[in-house]
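# Observations on chain architecture
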Amino acid sequence: MRIPYSIQGALFGPVLIGLSLILKLLCPAPVGAGCLTDYLAVPIFLPLIFVYKIVGGHLVMYHELRFVILYWSLVGLLIGLIFDLRNRRFPYLPEQHPPL
């Protein structure tokens with residue numbers, strides 16, 4: 001039994017964010033030097049600009065990580081749902097059943 005792509009997509013965001021935070025903690029480079037996860041932080045936290053403009057600063061400031069995880073989970077869910085709907089086979093379509 002395979003896991004639907006929508007569930008896989010919804011779990012991809014939190015896993016990627018958690019992995020990048022763990023890799024940042026384990027980075028052997030000194031504080032001033034850059035790590036690979038420094039380059040990942042910019043696209044991961046980019047949706048916060050939109051959230052700050054819409055919601056405001058006080059609510060978002062305390063829950064930034066939750067907003068980011070929720071955003072990327074929703075994006076992954078929608079992309080996975082697109083793949084789930086694209087790969088669904090309908091039994092009544094003639095082009096999916098070759099003639100005998």
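Below, the structure is looked at part by part. (Residues numbered from 1 in each chain as written. Predicted model: local features only at pLDDT ≥ 70, side-chain atom pairs only at ≥ 80, totals over all residues. Heavy atoms only, no water.)

Attention now goes to the layout of surface pockets. Considering only enclosed or pocket space, the largest pocket measures out at about 200 Å³ in volume. At the level of elements, α1 (5-25), α2 (36-45) and α5 (64-87) are the ones that each hand at least two residues to the lining of the largest pocket. Looking at the lining of the largest pocket residue by residue, the class counts come to 9 nonpolar, 5 polar and no charged. (1 Å grid on protein atoms, 1.4 Å probe; cavity = no way out; pocket = protein on both sides within 12 Å on 5 of 7 lines; lining within 4 Å. Points joined across faces, edges and corners; volume = space filled by probe spheres on them. Helix = DSSP H or I, 4+ residues; strand = E, 2+ residues; numbered from the N terminus. Nonpolar A, V, L, I, M, F, W, Y, C, P; charged D, E, K, R; others polar.)

Packing of α2 against helix α3 (residues 47-55) leaves a shortest axis separation of 5 Å and a crossing angle of 35°. Where α2 approaches α3, its residues P43, I44 and F45 are matched on the opposing element by P47, L48 and I49. (Axes fitted to C-alpha atoms, helices over the stretch in contact; angles between N-to-C directions. Contact = heavy atoms within 4.5 Å.)

Structurally, S20 is set in helix α1. Only 2.8 Å separates the side chain of S20 from the backbone oxygen of I17, close enough to count as a polar contact. Residues in contact with S20, not counting those within four places in the same chain, are T37, L40 and I44. (Polar contact = N/O pair within 3.5 Å; in protein donor to acceptor, adjacent residues only side chain to side chain.)

Now for the environment of P14. For P14, the location among the structural elements is in helix α1. Separated by 54 residues in the primary sequence, P14 and V68 have C-alpha atoms spaced 8.8 Å apart. The residues touching P14, leaving out its near neighbours within four places in the chain, are I69 and S73.

Honestly, it's all geometry; don't read function into it.
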